[in-house]
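Next come the chains, spelled out residue by residue.
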Amino acid sequence: MFEFLIKKLKAHPRKIVFTEGTDPRILEASARLLSGTFLTPVLVGNADEITKAAEEAGFNIRGAEIMDPAIFPDMDKMVALMVELRKGKMTEEQCRKSLSQANYFGTMLVKMGYADALLGGATYSTADTVRPALQIIKTKPGSKIVSSCFIMVRPSATGENEVLAMADCAINIKPTEDELVEIAVETARTAKVFGIDPKVAFLSYSTLGSGKGEDVDKMRNACEKAKAAMPDVPVDGEFQFDAAVSPVVAKTKHITSSVGGHANTFIFPDINAGNIGYKICQRMGNFDAYGPILQGLNAPINDLSRGCNALEVYSMAIITAGLVD
Ligand SMILES: CC(C)(COP(=O)(O)OP(=O)(O)OC[C@H]1O[C@@H](n2cnc3c(N)ncnc32)[C@H](O)[C@@H]1OP(=O)(O)O)[C@@H](O)C(=O)NCCC(=O)NCCS
Ligand SMILES: CC(=O)OP(=O)(O)O
């Protein structure tokens, strides 16, 4: 599934920071990465503890770099840079304290060029993984917000994978109309990277006015703006999920566009719907969930679900570093 990214990495090998250096899933994924030569793990933590955890779990991590904030020789330089980047929002003392933690330290390793990418969140919550990136790395030029999407993959009977994109399931709690437009544009772009020809549905509890309410209006208005923002991509809504994916239901609910019944890129109204929706798909629909893949951030940093397994860590590491420009 991600061979195209491995090929890219083989041409330009990278280093990726893992903020949870002693987690067995991270160690297993690192061992697997080290058996290739395209992505070097940089494990954050105490070297003795990491080595012991790897030995106990039976994983060979020879070749991985280990970076321990407690003995990092350039810590003063790192603190000074973080104080400058936080522009009066954090004191030197607050920055030094933050940098003793793997999430902030790892993010600064990327900022300072010690590594190319970062993957965290095996035990850190999404908020604690993403906040340092929002504060230090910031949005890339042209983006107003950082958002996220999941690439959902399920093998089909034909042997071809069924691949969907879902957003925003992890970052923006209650996106505004304009934020939903930005999320849709970024998600259509991400979908294309993963071989999806996007058909974007704005989801709701209403299909084309069948239900009333502020949230329906928000999705309908955002959908109209998204159509204007990406005229070359099929976009439609507001749709209920069944009308978005079932051609029969789409016909019954009088949808005439090519998106109805055939959507593969889903924009949820808020994080409640998005997070619950992708997890239902993953746990009851047998989809593998890759993400949350952050969009609009000025460096390749990604989060994991704490429910992830080692294979998902391995794949997300390749996705994260493979998306380096
Ligand atoms: C992402 C999240 C952690 C940010 O929350 P927060 O840290 O409380 O946010 P704050 O408002 O204090 O902002 C912190 C910084 O991030 C920036 N920021 C916050 N959300 C942002 C976004 N979506 N895009 C870009 N920047 C953002 C703020 O501008 C601020 O920058 P500054 O400190 O330089 O001024 C929060 O939106 C969140 O908790 N989201 C849900 C995460 C979650 O639980 N997901 C479910 C499981 S995946
Ligand atoms: C993405 C997500 O839901 O993360 P977690 O399961 O860690 O909360």
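Reading guide: rules and limits
- Residues numbered from 1 in each chain as written.
- Chains lettered and ligands numbered in written order.
- Predicted model: local features only at pLDDT ≥ 70, side-chain atom pairs only at ≥ 80, totals over all residues.
- Heavy atoms only, no water.
- UniProt positions renumbered as here; feature names shortened; annotations may be inferred.
- Near = heavy atom within 4 Å.
- Polar contact = N/O pair within 3.5 Å; in protein donor to acceptor, adjacent residues only side chain to side chain.
- Areas by Shrake-Rupley, 256 points an atom, 1.4 Å probe, with all protein chains shown as cover.
- Helix = DSSP H or I, 4+ residues; strand = E, 2+ residues; numbered from the N terminus.
- Nonpolar A, V, L, I, M, F, W, Y, C, P; charged D, E, K, R; others polar.
- 1 Å grid on protein atoms, 1.4 Å probe; cavity = no way out; pocket = protein on both sides within 12 Å on 5 of 7 lines; lining within 4 Å.
- Sits in = over half its atoms within 2 Å of the grid points.
- Patch = residues over 30% accessible without salt bridge, like charges linked within 9 Å, V, L, I, M, F, W, Y side chains within 5 Å.
- Salt bridge = Lys/Arg side-chain N within 4 Å of Asp/Glu carboxyl O.
- Phe/Tyr/Trp six-rings, centres within 6.5 Å; stacked < 30°, edge-to-face > 60°.
- Buried < 20%, exposed > 50% of the residue type's maximum accessible area, 1.4 Å probe, protein only.
- Lys NZ or Arg CZ within 6 Å of the ring centre and 35° of its normal.
- Expected span 1.5 Å × (residues − 1).
- Contact = heavy atoms within 4.5 Å.
- Points joined across faces, edges and corners; volume = space filled by probe spheres on them.

- Under an unreviewed UniProt entry, the name given to the protein is Phosphate acetyltransferase, and the source organism is Dysosmobacter segnis.
- Database annotation for the protein, UniProt heading Sequence similarities (unreviewed entry): "Belongs to the phosphate acetyltransferase and butyryltransferase family."
- As its UniProt record puts it under Catalytic activity (unreviewed entry), the protein is described as follows: "acetyl-CoA + phosphate = acetyl phosphate + CoA".

### Some details on the site of ligand 1
- In the region of ligand 1, 17 residues are neighbours, and Arg86, Lys89, Arg131, Lys138 and Val146 sit closest.
- Interatomic distance of 2.8 Å between a side-chain N/O atom of Arg86 and an oxygen atom of ligand 1.
- A distance of 2.8 Å separates an oxygen atom of ligand 1 from a polar side-chain atom of Lys89.
- Alone, ligand 1 offers 940 Å² of accessible surface; in the complex the protein occludes 63% of this.
- Elements with a minimum of two residues in the shell around ligand 1: helix 7 (126-137) and helix 12 (271-284).
- Class assignment of the residues belonging to the shell around ligand 1 gives a composition of eight nonpolar, five polar and four charged.

### Describing the site of ligand 2
- Looking at ligand 2, the residues that line it are Thr126, Phe150, Asn275, Tyr278, Lys279, Pro292, Ser305 and Arg306.
- Separating an oxygen atom of ligand 2 from a side-chain N or O atom of Ser305 is a distance of 2.7 Å.
- Relative to its free-state accessible area of 260 Å², ligand 2 is covered by the protein chains to the extent of 87%.
- Taken atom by atom, the bulk of ligand 2 overlaps the second largest pocket.
- Here the element with the most residues in the shell around ligand 2 is helix 12; it accounts for three residues.

### Brief notes about a nonpolar patch on the surface
- Taken together, Ile276, Ile280 and Met284 make up a surface patch of nonpolar side chains, about 350 Å² in accessible area.
- Following the sequence through the fold, Ile280 ends up in helix 12.

### Quick look at the packing of aromatic side chains
- Counting across every chain of the model gives seven aromatic pairs.
- Taking the centre distance of 5.1 Å and the plane angle of 80° together, the rings of Phe72 and Phe105 count as edge-to-face. Highlighted residues: Phe72 in the loop between strand 3 (65-67) and helix 4 (75-85) and Phe105 in helix 6 (residues 102-111), separated in sequence by 33 residues. Like Phe72, the residue Phe105 is buried in the burial classification.
- Geometrically, the ring pair formed by Phe72 and Tyr114 is edge-to-face, given 5.4 Å between the ring centres and 75° between the ring planes. Taken together, the positions of Phe72 in the loop between strand 3 and helix 4 and Tyr114 in the loop between helix 6 and strand 4 (117-120) put the pair 42 residues apart, joining distant regions of the chain.
- For Phe72, a relative accessible area of 9% puts it in the buried group.
- The exposure class of Tyr114 is partly exposed, given its relative accessible area of 26%.
- Members of the aromatic cluster, joined through ring pairs, are Phe2, Phe4, Phe194 and Tyr290.
- Across from the ring centre of Tyr314, 4.0 Å away, lies the NZ or CZ of Arg32, which sits over that ring.

### With respect to helix 8 (residues 177-193)
- Compared with an ideal rise of 1.5 Å per residue, which puts 17 residues at 24 Å, helix 8 spans 25 Å between its outermost C-alpha atoms and is within 8% of the ideal.
- Buried positions along helix 8 lie against strand 5 (147-155), strand 6 (161-167), strand 7 (200-203), helix 9 (214-229), strand 9 (265-267) and strand 10 (288-295).
- With its phi angle positive at about 80°, Gly195 sits one or two positions after the end of helix 8.

### Comments concerning the UniProt feature "domain: Phosphate acetyl/butaryl transferase" (unreviewed entry) in the protein
- Residues annotated in UniProt with the feature "domain: Phosphate acetyl/butaryl transferase" (unreviewed entry) correspond here to residues 3-321.
- Secondary structure over residues 3-321 splits into 45% helix and 18% strand, and the C-alpha atoms at its two ends are 13 Å apart.

### Remarks on empty space enclosed by the protein
- Overall, the coordinates contain one cavity of 30 Å³ or more when judged by the stated rule.
- Reported here for the largest cavity is a volume of approximately 80 Å³.
- The wall of the largest cavity is formed by Phe150, Tyr278, Gln282, Ala289, Tyr290, Gly291, Leu304, Ser305, Gly307, Cys308, Glu312 and Met316.
- When residues of the lining of the largest cavity are assigned to their parent elements, the largest contribution, three residues, is made by strand 10.
- Its residues assigned to classes, the lining of the largest cavity comprises seven nonpolar, four polar and one charged.

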